[in-house]
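Listed below, chain by chain, are the residues.
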Number of protein chains: 2
Amino acid sequence: MPRVVNHEVRRREVAAIAAQVVVKEGRAGLTVRNVAQAAGCSTTVVSHYFTDMAELFYETYAFAASRTAVRIQEVLEKDPTNITGLIEAVLPLDNERTEEWRIWFAFWSEALTSPPFASDQRMRARKAVERIEKCLQLLQQNKKLPKSVNIAHAADRLAALIPGIASEAIFDPQKWPATRQRQTLRTELQLLGLH
Amino acid sequence: MPRVVNHEVRRREVAAIAAQVVVKEGRAGLTVRNVAQAAGCSTTVVSHYFTDMAELFYETYAFAASRTAVRIQEVLEKDPTNITGLIEAVLPLDNERTEEWRIWFAFWSEALTSPPFASDQRMRARKAVERIEKCLQLLQQNKKLPKSVNIAHAADRLAALIPGIASEAIFDPQKWPATRQRQTLRTELQLLGLH
């Protein structure tokens, strides 16, 4: 494997380990020392892949984002009108998706004040609304969704429900298991007259 | 003023200043030094009111929570069936409410890992669902809401919409001004057949 590719692969591996540290210990637990310990290597090795803490933070966040993106892509490639699948791909219904939300929430403090995190968060949220809009448009074209439904309003509600349901479930997993999350989404889609 | 009351008043004042530091600089900006600077006092004074950083963190969070609680109380005392008012009381529609969401999001990383923050967050979220349920029940009793509406499901959707809309608006205030937030809520209430 060429040296530069190997560097990228190893860097991504370290970011994946850093993500696990954030999942377990939150944002405050993300230190070079903790990542090195979790990776079973020296702090020098971690520092070799990331020039500073800001870079390590950002790559950890990017790792979670790319994992989410792959799942969304898979749903839409199979069926671009699968609105339930599209939204469930980003709800904390299992371990993997729960981990990703723990990472988002761990970094929301950064997104409040750090320009790269803020712009990333903004772009991700805007794309989520657009994806839902496009999916609803297809459903309306295919006569699966009544013509009377205002797509923009429906997309805003569905897009907002995602982080909303996620925040309920992440902080209160006992009261918000997968069944309750799915039911909240399903009853909203039923109100839209989806069939 | 008795000495002990004075202590509590001053402590709350320092928490209010700490809250402003978090609003502007995020969770990482909350240091004894920064709070002292913002308060125009020495770090010794800040340390006098809070035994450790965990206590300063928690009181800052509690300050925002108590301000929110007062607003909710005011709405419900005037009209316990005012579902729009109840929800708008906690949406980031103005500066004050925006500040509070910046504080919640700044501390969500803590709520992932610290037991007192986690239990606080859980209790606040559960109470929000209960308040909405109670309000919807009154509306149904007063025949303002169709009998066919499943209150538990509707309350779950509305409760989830609150942090959901807030997260859209906090990270993308330009795209999610008060009008869009209100419209998202209003169209959901319209779907319920509220009149």
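Residues numbered from 1 in each chain as written. Chains lettered and ligands numbered in written order. Predicted model: local features only at pLDDT ≥ 70, side-chain atom pairs only at ≥ 80, totals over all residues.

Moving on, we get to the relation of the copies chain B and chain A. Superposing chain B onto chain A takes a rotation of 180° plus a shift of 0.0 Å along the axis, which leaves an RMSD of 0.0 Å. Interpreted geometrically, this transformation is the action of a two-fold axis. Closest to the rotation axis within chain B is the C-alpha of glycine 164 of chain B, separated from it by 1.9 Å. The share of interface residues of chain B whose copies in chain A are also at the interface is 100%, consistent with both copies meeting through the same surface. (Least-squares fit on C-alpha atoms with pLDDT ≥ 70 in both. Contact = placed C-beta atoms within 7 Å.)

This part covers the packing of helix α6 (residues 95-113) of chain A against helix α6 (residues 95-113) of chain B. α6 of chain B packs onto α6 of chain A with a crossing angle of 140° between their chain directions and a minimal axis gap of 8 Å. Here α6 of chain A lies oblique to α6 of chain B, going by the angle between them. Regarding α6 of chain A and α6 of chain B, the two cross each other, and that crossing is left-handed. Two secondary-structure elements touch here, α6 of chain A through Arg102, Phe105, Ala106, Trp108, Ser109 and Leu112 of chain A and α6 of chain B through Arg102, Phe105, Ala106, Trp108, Ser109 and Leu112 of chain B. Here the residues of the contact of α6 of chain A with α6 of chain B sort into 8 nonpolar, 2 polar and 2 charged. (Axes fitted to C-alpha atoms, helices over the stretch in contact; angles between N-to-C directions. Helix = DSSP H or I, 4+ residues; strand = E, 2+ residues; numbered from the N terminus. Parallel < 35°, antiparallel > 145°, perpendicular 65-115°, else oblique. Left-handed = near helix turned anticlockwise from the far one by under 90°. Nonpolar A, V, L, I, M, F, W, Y, C, P; charged D, E, K, R; others polar.)

If you look at the interface, chain B gives 38 residues, while chain A gives 39 residues. Breaking the side of chain B that touches chain A down by element, the ones donating at least two residues are α6, α7 (115-141), α8 (151-171) and α9 (178-191) of chain B. When residues of the side of chain B that touches chain A are assigned to their parent elements, the largest contribution, 12 residues, is made by α8 of chain B. Its residues placed into classes, the side of chain B that touches chain A shows 15 nonpolar, 10 polar and 13 charged.

Membership of the largest hydrophobic core comes to 116 residues, with the highest contact counts inside it found for Ala18 of chain A together with Ala18 of chain B. Every residue in contact with alanine 18 of chain B, bar those within four places of it in the chain, is listed here: Leu30, Val35, Leu56 and Thr60 of chain B. (Core = buried A, V, L, I, M, F, W, Y, C linked by C-beta atoms within 7 Å. Buried ≥ 20, exposed ≤ 12 C-beta atoms within 10 Å, placed from the backbone.)

So, about the environment of phenylalanine 105 of chain B. Along the chain, phenylalanine 105 of chain B falls in helix α6. Take phenylalanine 105 of chain B: there are 24 C-beta atoms within 10 Å of it, and that puts it in the buried class. Taking the C-alpha atoms as reference points, phenylalanine 105 of chain B and valine 23 of chain B, separated by 82 residues in sequence, lie 9.8 Å from one another. Ignoring any residue separated from it by four or fewer positions in sequence, one finds phenylalanine 105 of chain B in contact with Trp108, Ser109 and Leu112 of chain A together with Ile170 of chain B.

This brings us to the confidence of the model for chain A. Chain-level statistics for chain A give a pLDDT mean of 93 and a share of 97% at 70 or above. Interface confidence for the predicted complex, expressed as ipTM, amounts to 0.93; the pTM equals 0.94. (pLDDT = per-residue confidence, 0-100.)

In helix packing, the relevant descriptors are the interaxial angle and the interaxial distance, both defined with respect to the helix axes. Residue and element names in this part refer to chain A. Two elements in contact, helix α8 (residues 151-171) and helix α9 (residues 178-191), have axes separated by 10 Å at closest approach and are oriented at 160°. One finds that α8 runs roughly antiparallel with respect to α9. For α8 against α9, the interelement crossing comes out right-handed. Facing α8, whose interface residues are Arg157, Leu158, Leu161, Ile165 and Ala169, α9 presents Gln181, Thr184, Leu185 and Glu188. When grouped by side-chain class, the residues that make up the contact of α8 with α9 number 5 nonpolar, 2 polar and 2 charged.

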